[in-house]
Amino acid sequence: MILYLTEPGLSLSVHEGHFLIKDSKQELIKEVPIKLVHSIISYTYVYISGGATNEILQEGIPLLYISVHGKVLGKLLPIKDVNVERQRKQIGISEDDTACLYMSQKVIA
């Protein structure tokens, strides 16, 4: 499930394995089991608690921030999605002029 947080003033927190979505008066709107959420899209005027952010990262849930006009502003990606060893190799190759020339020729071809 994609969790959409689209109303200004909403807040997202976590309690006992559930995301809690509250309105600006801190009244509970919805309770969603964390295990059902595979991504979150949030407008900029939504508060996400530190605990919810921690759960988002621990569970490997990508979080996309968008403006109220729909422009993508940024994203929070859990480290689980990052292959650090592959990134090290890519950096090493990018510093090797011969490898860069070879890769450039392959792309152009």
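A few points on the structure. (Residues numbered from 1 in each chain as written. Predicted model: local features only at pLDDT ≥ 70, side-chain atom pairs only at ≥ 80, totals over all residues. Heavy atoms only, no water.)

1. Comments concerning the sheet that holds strand β4 (residues 28-33)
By definition, the strands of a sheet pair up through backbone hydrogen bonds, in either a parallel or an antiparallel sense.
Stage number 1. With mixed pairing, four strands are arranged side by side in an open sheet as β4-β3-β2-β6. Each edge of the sheet is formed by a strand with only one pairing partner; in this case those strands are β4 and β6 (47-48).
Stage number 2. Here strand β3 (residues 18-22) runs beside β4; their pairing, made up of five bridges, is antiparallel. Across the sheet, F19 pairs through a bridge with V32, a residue of β4.
Stage number 3. On the sheet, helix α1 (residues 50-58) packs against β2 (11-15), β3 and β6 and is oriented at approximately 70° with respect to β2. (Pairing = 2+ DSSP bridges. Helix = DSSP H or I, 4+ residues; strand = E, 2+ residues; numbered from the N terminus. Contact = heavy atoms within 4.5 Å. Axes fitted to C-alpha atoms, helices over the stretch in contact; angles between N-to-C directions.)

2. Some thoughts on the environment of K30
Stage number 1. Here K30 shows up in strand β4.
Stage number 2. Residue classification places K30 among the partly exposed residues on the basis of a relative accessible area of 45%.
Stage number 3. When the C-alpha atoms of K30 and L101 are compared, they prove to be 54 Å apart, with 71 residues separating the residues in sequence.
Stage number 4. Excluding anything up to four places from it in sequence, K30 contacts F19, L20 and I21. (Buried < 20%, exposed > 50% of the residue type's maximum accessible area, 1.4 Å probe, protein only.)

3. Section: the environment of K35
Stage number 1. Its place among the elements puts K35 in the loop between β4 and β5 (39-43).
Stage number 2. Through-space distance from the C-alpha of K35 to that of E59 is 8.0 Å; in sequence the pair is 24 residues apart.

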